[in-house]
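Analysis of the macromolecular model
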Amino acid sequence: RVFAFRDARWAPDPVLAPSAAVRSPQPVPLVIDNGSFQTRAGWGCPDPAVPAEPLLRFRSLAARSRGARGGASAETQVGNDLGSPEPLRWLLRSPFDRNVPVQLELQELLLDHVFQRLGVSSQGCVDHPIVLTEAVCNPLYSRQMMSELLFECYQVPKVSYGVDSLYSFYHNRRQKWPCSGLVISSGYQCTHILPVLEGRLDAKNCKRINLGGCQAAVYLQRLLQLKYPGHFAAITLSRMEEILHEHSYIAEDYIEELQKWRCPEYYENNVHKMQLPFSNKLLGSTLTSEEKQEKRQQQLRRLQELNARRREEKLQLDQERLDRLLYVQELLEDGQMDQFHKALVELNMDSAEELQSYINKLSVSVEQTKQKILQSEVNIEVDVVDSKPETPDLDPLGSEQSLEDMESINEFEPLFAEEQPEVEKPVAAVQPVFNLAEYHQLFLGTERIRAPEIVFQPSLIGEDQAGIAETMQYVLERYSKDQQAVLVQNVFLTGGNMMYPGLKARVQKELLEMRPFQSSFQVHLACSPVLDAWYGARDWAVEYMNREEGWITRKDYEEKGGEYLKEHSASNVYVPIRLPKQAPRAAEAAVPSRTLASGTG
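Residues numbered from 1 in each chain as written. Predicted model: local features only at pLDDT ≥ 70, side-chain atom pairs only at ≥ 80, totals over all residues. Heavy atoms only, no water.

Defined as follows: UniProt positions are given in the numbering used here, feature names are shortened, and annotations may be inferred rather than shown by experiment.
As annotated in an unreviewed UniProt entry, the protein chain carries the name Actin-related protein 5 and comes from Cephalopterus ornatus. Reading the Subcellular location (unreviewed entry) entry of the UniProt record for the protein chain gives the comment "Nucleus". Its UniProt record gives the protein chain a comment under Sequence similarities (unreviewed entry), which states: "Belongs to the actin family. ARP5 subfamily."

Some thoughts on the overall build of the protein chain
As a reminder, the rule being used: Helix and strand assignments come from DSSP, with helices taken as H or I runs of at least 4 residues and strands as E runs of at least 2, each series counted from the N terminus. Working definition: with a 1.4 Å probe on protein chains only, accessible area under 20% of the residue-type maximum means buried, over 50% means exposed, and in between means partly exposed. Any two residues having at least one pair of non-hydrogen atoms within 4.5 Å are treated as being in contact.
Summing up its helical and strand segments, the protein chain has 20 helices and 20 strands in all. Considering the protein chain as a whole, with its 601 residues, one finds that 43% of them fall into the buried category. The long-range share in the protein chain, meaning contacts at least 24 apart out of those at least 6 apart in sequence, stands at 72%.

Looking at the UniProt feature "coiled-coil region" (unreviewed entry) in the protein chain
Per the UniProt entry, the sites bearing "coiled-coil region" (unreviewed entry) are residues 289-323 in this numbering. Strand forms 0% of residues 289-323 and helix 100%; the C-alpha atoms that close the span are 50 Å apart.

Observations concerning the sheet that holds strand β20 (residues 552-553)
Filter applied, for reference: Any two strands are treated as partners once DSSP identifies two or more bridges connecting them. All axes are obtained by fitting lines to C-alpha atoms, using only the stretch in contact for helices, and the reported angles, taken between N-to-C directions, cover 0 to 180 degrees.
The mixed open sheet is built from six strands, whose spatial order is β4-β3-β2-β10-β11-β20. Looking along the sheet, the strands with just one partner apiece sit at the ends: β4 (56-59) and β20. Note: strand β3 (residues 38-43) against β4, four bridges, orientation antiparallel. Looking at β4, one finds that R40 is bridged to R57. Along the sheet face, helix α3 (residues 164-171) touches β2 (30-34), β10 (130-134) and β11 (158-163) and points at about 85° away from the line of β11. Strands in contact with helix α18 (residues 532-543) are β2, β3, β10 and β11; relative to β2, the strand with the most contacts, it is inclined by about 150°.

Let's talk about the packing of aromatic side chains
Applicable threshold: We call Phe, Tyr and Trp rings a pair once their centres come within 6.5 Å, taking the six-membered ring for Trp, and we label the pair stacked below 30 degrees between planes, edge-to-face above 60, and tilted otherwise. Counting as a charge over the ring demands two things of the Lys NZ or Arg CZ atom: a distance within 6 Å of the ring centre and an angle within 35 degrees of the ring normal.
Counting across every chain of the model gives ten aromatic pairs. For the ring pair W261 and Y266, a centre distance of 5.3 Å and an interplane angle of 90° mean the geometry is edge-to-face. The class of Y266 is partly exposed, set by a relative accessible area of 22%. Note on W261 and Y267: the rings are 6.0 Å apart at their centroids and 80° apart in plane angle, and the pair reads as edge-to-face. Note on Y267: relative accessible area 25%, which makes it partly exposed. Grouping aromatic residues by their ring pairs yields a cluster made of W261, Y266 and Y267. Over the ring of F5 we find R239; its NZ or CZ atom is 5.5 Å from the centre of that ring. Seen from the ring of Y544, R547 lies directly overhead, with NZ or CZ sitting 4.6 Å from the centre.

Re the side chain of H272
Secondary-structure assignment places H272 in strand β16 (residues 272-275). On the basis of relative accessibility, which here comes to 7%, the residue H272 falls in the buried class. Look past the residues within four positions of H272 in its chain and what remains in contact with it is R1, F3, H247, L442, F443, L444 and R448.

Remarks on the pattern of salt bridges
Condition: Salt bridge criterion: a side-chain nitrogen from Lys or Arg within 4 Å of a carboxyl oxygen from Asp or Glu.
Following the criterion strictly, the structure yields 19 salt bridges and no others. Two residues, D81 and R117, come together in a salt bridge whose shortest N-O distance is 2.9 Å. Residue D81 is located in the loop between β6 (76-78) and β7 (92-93), and its partner R117 is located in helix α1 (residues 104-117); the two are separated by 36 residues in the primary sequence. In this structure, the salt-bridge partner of K509 is E513, at a minimum N-O distance of 2.8 Å.

Here we look at helix α5 (residues 237-247)
For α5, the full list of buried residues reads R239, M240, E241, E242, I243, L244 and H247. In this structure, the buried residues of α5 make contact with β1 (2-4), β4, α4 (213-227), β16, β17 (441-444) and α14 (447-450).

Describing the sheet that holds β7
Taken in spatial order, the three strands make up an open sheet running β6-β5-β7, and their pairing is antiparallel. Of all the strands in the sheet, just β6 and β7 have a single pairing partner and so form its edges. In this sheet, β7 lies alongside strand β5 (residues 62-64) in antiparallel orientation, the contact comprising two bridges. Counterpart to A63 in the pairing with β7 is L92.

Structural notes on the packing of α1 against helix α2 (residues 140-153)
Threshold: When an angle is under 35 degrees it counts as roughly parallel; over 145 it counts as roughly antiparallel; between 65 and 115 it counts as roughly perpendicular; any other value is oblique. We call a crossing left-handed when the near helix sits turned anticlockwise from the far one by less than a right angle, and right-handed when that turn is clockwise. Classification used: nonpolar for Ala, Val, Leu, Ile, Met, Phe, Trp, Tyr, Cys and Pro, charged for Asp, Glu, Lys and Arg, polar for all others including Gly.
For the pair α1 and α2, interaxial distance at closest approach is 11 Å and the crossing angle is 50°. Between α1 and α2, the angle is such that the two are oblique. Here the hand of the crossing between α1 and α2 comes out right-handed. The residues of α2 that touch α1, namely those facing L104, Q107, E108 and L111, are M145, M146, L149, L150 and C153. Across the contact of α1 with α2, the residue classes break down as seven nonpolar, one polar and one charged.

Concerning helix α17 (residues 503-514)
Defined as follows: In this scheme, a helix's expected span is set at 1.5 Å multiplied by one less than its residue total.
Between its first and last C-alpha, α17 extends 17 Å over twelve residues, near the 16 Å set by a 1.5 Å rise per residue. In the core, the buried residues of α17 are packed alongside β12 (181-186), α15 (468-476), β18 (491-494) and β19 (523-525).

A closer look at the pairing of β2
For β2, a buried count of five out of five residues is recorded, marking the element as mostly surrounded by other parts of the structure. Side chains L30, I32 and N34 project from β2 onto one buried face, and the interleaved V31 and D33 project onto a second face that is buried too. Pairing of β2 with β3 involves five bridges; the strand directions are antiparallel. Within β3, the position partnered with L30 by the bridge is W43. Where β2 folds back on β3, the antiparallel hairpin that results is connected by three residues. Summarising the sheet, β2 and β10 pair through three bridges and their orientation is parallel. Looking across to β10, one finds that V31 is bridged to V131.

Here we look at the confidence of the model for the protein chain
For the record, the criterion: Each residue carries a pLDDT score, the predictor's confidence in it, ranging from 0 to 100.
Predicted confidence across the protein chain gives a mean pLDDT of 85, with 84% of residues reaching 70 or more. Below a pLDDT of 50 lies the segment residues 381-409, which in the model reaches 38 contacts outside its immediate sequence neighbourhood of four places, other chains included. Counting interchain partners and residues more than four positions distant, the pLDDT-below-50 stretch residues 587-601 has one contact.

Written out as structure tokens, the structure is:
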């Protein structure tokens with residue numbers, strides 16, 4: 001049960017060539033699931049030639065580099081173009097605050113990326129209707145800014161807003177629509193409990209828990225960094241998300257599951273070992289004595305080659321100097337006194353006796369160097385342990401060899417100056433066995449259930465909030481018994497944070513504890529909790545493509561403002577802004593004018 005981290009890099013999104021069916025006979029809707037974790041986009045077209053699936057899927061992130069000092073402009077990367085989020089973790093920006101888009105400059109970058117990669121080719125505008133998801137009970141200001149961006153910047157003809165979890169509920173409907181149910185949606189930032197009565201959202205009784213997959217990943221990262229402080233930097237958020245997606249599960253009974261993990265046998269059978277990347281080059285202490293001796297022999301050979309090369313260079317320089325001195329001595333013997341005295345001045349010598357002394361010393365030095373070269377050629381094999389490397393003799397005449405050359409030779413001396421061991425012992429009995437791979441492993445035991453448990457017990461991370469079970473019970477108690485019985489017959493689970501194994505059984509257990517004796521309920525999990533929101537939005541777009549219901553036109557935007565919303569089966573409830581009535585100032589201003597007129601008359 002040793003698993004390696006994939007550390008997969010994101011492949012850049014290609015520029016897709018749209019099919020002709022998306023523009024004829026009229027532009028088809030463009031469906032965008034604008035999630036805080038991932039953005040999904042595709043075409044809502046009934047033609048079978050157009051894929052009925054999201055063509056783009058990328059993280060809702062953007063990073064802007066600061067640019068080079070040479071004057072290069074800053075580069076902005078969006079989504080999958082980032083490659084990997086970890087090197088750019090401190091530059092990443094998201095347009096979302098929790099699950100509400102508030103940074104419209106970053107949202108514009110995401111929409112530009114969508115329109116460009118989907119191949120929208122209309123000039124100066126986007127002439128496709130837009131179906132866009134938004135948060136439950138989205139603030140009017142956020143919708144106003146989004147409508148302003150779509151209508152003013154992109155010149156879209158019409159737009160429709162809907163709730164992602166209601167689109168998923170609409171796509172997975174098992175009864176004749178309209179139907180009722182209790183939708184439990186958990187995403188990257190938030191978890192929602194949404195009651196649906198006769199196909200419409202009851203917004204007054206919706207509840208939100210400010211916990212999701214992001215908080216679970218941060219909590220898991222904190223647990224493992226405290227457990228393995230030596231691998232602090234290697235425990236990244238991306239790897240924690242991979243552990244949550246592939247190795248975590250929800251315990252049906254959390255306390256009972258913790259008791260199971262206390263058993264050593266259960267721990268050994270269920271622990272997951274995550275292998276961190278490591279390098280074998282760090283393993284320097286596991287060399288055997290033979291390998292160490294071979295390494296020293298190689299170092300000694302290199303040292304001997306270095307010494308031989310330096311001796312040859314020294315011999316060549318001494319020989320050239322000796323030839324020069326002998327040539328000057330020949331000038332004296334030939335009687336060329338002028339040239340002889342001139343040469344002595346160049347050599348910085350005063351007399352012929354000094355010249356002869358230097359000739360004798362150089363001759364001795366040349367002979368000694370030749371003897372050393374011959375000895376080094378004969379004695380090639382040297383015992384590494386018993387012998388000590390030969391240090392080159394200093395030139396008695398103070399040759400041209402520099403102090404740096406001598407230091408580079410002497411730095412190898414400690415390698416061969418070790419004390420000789422008294423008794424050679426077997427290496428296996430003395431050297432400890434150290435497994436570097438095991439040192440770089442993360443053992444996942446109770447962390448597999450502790451991180452996802454926070455949506456049921458927020459107190460694990462110090463949050464003063466109710467969990468899913470308490471919030472679900474609170475929402476149900478706001479209805480009559482008959483309505484409660486209708487709602488629990490269709491408890492629907494959706495969202496990326498609902499994909500843990502065992503979560504459906506945990507919700508069934510919680511419902512069994514809170515519902516009356518012998519009462520019935522049904523819990524359903526979405527077919528694809530991550531993508532069903534987009535599929536439901538596409539289903540709605542295809543069905544309502546040629547209707548006016550649910551679409552906000554440009555005329556509606558100009559007349560009623562950007563916060564205006566046309567309700568439909570998967571939308572929020574529109575609550576217009578009601579400004580307090582002010583007293584008419586015209587009537588108050590008219591009273592003093594009349595009195596003034598009567599006084600003058």
